[in-house]
Amino acid sequence: MKSLHGTAGMLAVVVAVCGCSRQHKAAPAPQATAVGSALVVSSGDKQLGPAGAPLGQPLVMQVNDDQGNGVTGALVMFTGPAGVKFDPSELLTDSSGQVSTNLTLGNTSGRYQLTAVTNNKAGHALPVQVPELAAGYQEELGYQVQRTYCSRCHNPESTPEQVSNHDNLSVPPHSFDQGDTYNKLSDADLTAIIGHGGPAMNLSVLMPPYGKTLTKAEIQAVIAYIRLVSDPPYQAPGLVYAKQ
Amino acid sequence: MRTPNKLWNSWRGLFRDPIRPFGISSALLLIVLAIAPAKNHFSEWRHYQRGYLKLIRNRPDALVLQRHFEPGIHQIWLPDLGVVDRCETCHLGLTETSLGDIRMQPWSRHPVIPHSMQQFGCVICHRGQGAATTVAAAHDSTLSPDEPILPARYDEASCGQCHHVALEGTPTLNQGREILARYGCVRCHAIKLPDGSAEQPTDEPPPLTHIADKTTREWIYAWLKDPKSYAASATMPNFLLSDDDARDISAFLIANSVAESGDTATLKVASATNADPAAGASLYGESFCASCHATQNAAGNLVGGDLGPELTAVGTKVKPEWLTAWLRDPKTYDGATSMPHYRFTDQQLALLSGFLESKTNSDLLANVHLDAATPEQLAHGKQLVEEYGCAACHEIRGVSRPDNYGPELSRVGSKPVAQLVFTTGMAETLPAYLSNKIERPRSFGPGLHMPQYTFTPAQVDALTTALLSLTDRSYTLPAKMRIAAVQQTAYEPAGRAGHLMTDLNCMACHRINGHGGDMAPDLTWEGSSVQKQWLDAFLKNPNTLRPALIRRMPRFNLTDEERATLTDYMMTVYQNPTIDRDAMPLRGYLPAMVEHGRELFYGKYACQSCHMVDPAQDKGYIGPPLSAVGSRLNAEWIFLWLKNPQQLRPGTIEPDRDMSDDDAHALTAFLMMQTGSGNKGAGK
């Protein structure tokens, strides 16, 4: 024990924080054989997954030329905050101009802003911000609760397993990621609407009250979920203050 | 050789002055005395405590945070739980609600969880060495090999040490446990739980005692070689058999199959007479086969349920005679099957078997050519069946079920790293070991028999999580903390109706008195809930209550007498003892009350957002349509449901509106007027 001090300890903490499995030294960066003029997200952004676990879908990006056609052989590099792992973090676009990387987010819940970069002809970097969402216990619970009780009205997308009721409502509710609506509502407002129904905040009676159906913890969990998925991101009031 | 001399000189020089030895020894003493406080001062945890103070210094919440801060070692000591955790010595922000923006360890806030840290400590969930006061000794797998920190992605495993019932907040753990049961893992690997119970399988591997009646040796061969080549959703794993091994096992299984009474080899299969070619497909649809069976659609997606086997290429598998007999009465072939006895007419049987026979995969058997087996091959086939533990899942004549075919896994989540054998390139941790074992079991060495499954990475994670929940600690924690899984009761309906319900396998989908499936509504209190006439009509023609559902109640062609038996039984026996279903009348409510109910329905309670009363106007699509609810439900049931839906059906998503008796009465009156035809009193 006594031989372990300062740096070794710091190293260990970095390893522990980064999710424990030591990363193998990355293979040397592949050499780009082409360059494009635009980098766009094809799929896999704004995914929600449990903190520390791999996300369900890969992140797929595409490099295009001036005409908007995919470019083969362009180098795309991924970076992110501490704790985020990319598999792989650097690779060349395939014949359709796409790259695909598997993601593991850090161990703390919240929004992770990742960056994908490719270089254009002039050698300038073209960075693209890609948000991904890590759910902790509470957000995960909130996700489950809203999927059972709320999403059929609040999510306009229908699946065969869950037919949406959104368009049947004369006053359409907002989908939970609409930050423009939800960020204006405080936690107390949301608790009131969910607990006592729409009329509690002068909204439509079509929004039913859940105060006697859900527990307090479940309502808080749904709010935590709404805060996590908000786009634009939600800023807790305390933080705005901290920045001033 | 001048060096010793030099040393001696300097030595003498030191002591030339008699005061010096004294001075030097005092200095030495001081240094020795200072070592302890210095060690303390430079100790790692002080470093983190200083770092924390620096971090909070300029924050607007600094004053509060500083007031909460106490220097020194912090400890949570819970003798009952065997917890001595000093983690909070460095993890100083865990309970500081205002530190939500800090992601830097060790100072970030703990995410919100349902337990208090003061009651549970840290290591019960996170593992690691709670009493350690250095980072490495607390976390690292090389320094705390018995219990290194559990990577966050498997956190739900820790909930599973006490919570054996599925929790809403642990989807990964729940999924893992489901896979353990559904993919038959627990048939080879015993998993005993601390309360003395054991994980039970939920799959239904068919008996192979008379398999020759059902299928051919060629199909068995192709299936053994790769179950997924026949059905993408197959739950049987791939045993990675050589061609010769598959040849010999298939030969043995066919040779070992003995016809039983009811077998069909000689049955004559009639084809449907004057049938529209689409009639078979419509009958498949009308019978709601897809509620339990999946088929691949043109786009290659599986559509349908997973209670029964996939039917995409069933025509390549089963013999036509067998299929017809199976559809006529599945229990003749397999007394334990969940497949209902549909009571199809001969014409329907011909239509349906014709339709299913046409679902083939011509590639599957194209290259399978098997010669008659030699006695050696048969003997070898039997030997392989024993070696691979086939009888752990399937009933096979002459091969007894092996006990503990695979290693028991009851405490695998605490297996010390020192006892694990790793393959090269793999992280040397228990979670990595478990997930590799699940993903590629045969890579751990030659001669291993564990078969290859095709799990997605998410499924591997879920399984690993479920296995990691099986810890020593789950046995040593106080028994009062354990929350047992909901065990199915042994309830079976009695008498003639019971016989019928077993024949129809009602409980494959419906739960009654704690026994049965969860695909369809619980019927325990059905007799209190519905009107007898409605029930009889529904069994005759189960038009679905919820158009949005894919899974629906099939029609069974019951005779009048069978229907009467079932209806009488359910109306009499499946009653909630606290409900008098005749306490409120079905008809005769005052128009003013009905009108008041309508106003409440469309106004105060906005029921139309989920339900339809007037299909021409209402659109609500979440709950069942209510346009004929007055002919379906008893008034008293509606009233009590409105007052507290969760009390009548725990877990229903109908919100409890905290309704007054007056409102509930008026709404009941309005709903009882909704009798379907004509829509008397429905919304305008």
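The rules we used
- Residues numbered from 1 in each chain as written.
- Chains lettered and ligands numbered in written order.
- Predicted model: local features only at pLDDT ≥ 70, side-chain atom pairs only at ≥ 80, totals over all residues.
- Heavy atoms only, no water.
- pLDDT = per-residue confidence, 0-100.
- Contact = heavy atoms within 4.5 Å.
- Domains from an automatic or database assignment.
- Buried area = accessible area lost by both parts, 1.4 Å probe.
- Pairing = 2+ DSSP bridges.
- Helix = DSSP H or I, 4+ residues; strand = E, 2+ residues; numbered from the N terminus.
- Axes fitted to C-alpha atoms, helices over the stretch in contact; angles between N-to-C directions.
- Salt bridge = Lys/Arg side-chain N within 4 Å of Asp/Glu carboxyl O.
- Polar contact = N/O pair within 3.5 Å; in protein donor to acceptor, adjacent residues only side chain to side chain.
- Nonpolar A, V, L, I, M, F, W, Y, C, P; charged D, E, K, R; others polar.

## Digging into the confidence of the model for chain B
Residues and elements named next belong to chain B.
For step 1, the next point in the chain: Confidence in the prediction for chain B averages 90 pLDDT; 94% of positions are at 70 or higher.
For step 2, the next point in the chain: The model gives residues 678-684 a pLDDT under 50, and that stretch makes 22 contacts with residues more than four places away or in other chains.
For step 3, the next point in the chain: With pTM at 0.87, the complex prediction returns an ipTM value of 0.85.

## Some points on the domain arrangement of chain A
Residues and elements named next belong to chain A.
For step 1, the next point in the chain: Each assigned domain of chain A is listed with its residue range as follows: domain 1 (38-135) and domain 2 (137-229).
For step 2, the next point in the chain: Spacing between the C-alpha centres of domain 1 and domain 2 amounts to 30 Å.
For step 3, the next point in the chain: With eight residues of domain 1 at the contact, the number on the domain 2 side is seven residues.
For step 4, the next point in the chain: Roughly 510 Å² is buried in total at the junction of domain 1 and domain 2, and carbon and sulfur atoms are behind 69% of that figure.
For step 5, the next point in the chain: On the domain 1 side of the interface with domain 2, the three residues burying the most area are Leu 48, Leu 133 and Ala 135, jointly 69% of the side's total.

## Topic: the sheet that holds strand S6 (residues 90-92) of chain A
All names here are of chain A.
For step 1, the next point in the chain: Read across the open sheet, the five strands follow the order S2-S9-S8-S4-S6; overall the sheet is mixed. The sheet is open, and its two borders are formed by strand S2 (48-50) and S6, each paired with just one other strand. The mean angle between the axes of side-by-side strands here comes to 30°, regardless of whether they run parallel or antiparallel.
For step 2, the next point in the chain: As judged from the three bridges shared by S2 and strand S9 (residues 125-135), these two strands associate in the parallel manner. For Gly 49, the partnering residue across the bridge sits in S9 and is Ala 134.
For step 3, the next point in the chain: Sheet contacts for helix H6 (residues 216-229): S2, strand S8 (110-119) and S9; angle to S9, the most-contacted strand, approximately 175°.

## Here's the deal with the interface of chain A and chain B
For step 1, the next point in the chain: At the junction of the two partners, chain A supplies 47 residues and chain B supplies 47 residues.
For step 2, the next point in the chain: The interface formed by chain A and chain B contains one salt bridge.
For step 3, the next point in the chain: Residue Asp 658 of chain B is joined to Lys 212 of chain A by a salt bridge in which the shortest nitrogen-to-oxygen separation is 3.6 Å.
For step 4, the next point in the chain: Inspection of the region where chain A meets chain B yields five residue pairs in polar contact (both at pLDDT 80 or more).
For step 5, the next point in the chain: Broken down by secondary-structure element, the contributors of at least two residues to the side of chain A that touches chain B are helix H1 (6-17), S8, helix H2 (137-149), helix H3 (151-154) and helix H7 (237-243) of chain A.
For step 6, the next point in the chain: Of the residues belonging to the side of chain A that touches chain B, the class tally is 26 nonpolar, 14 polar and seven charged.

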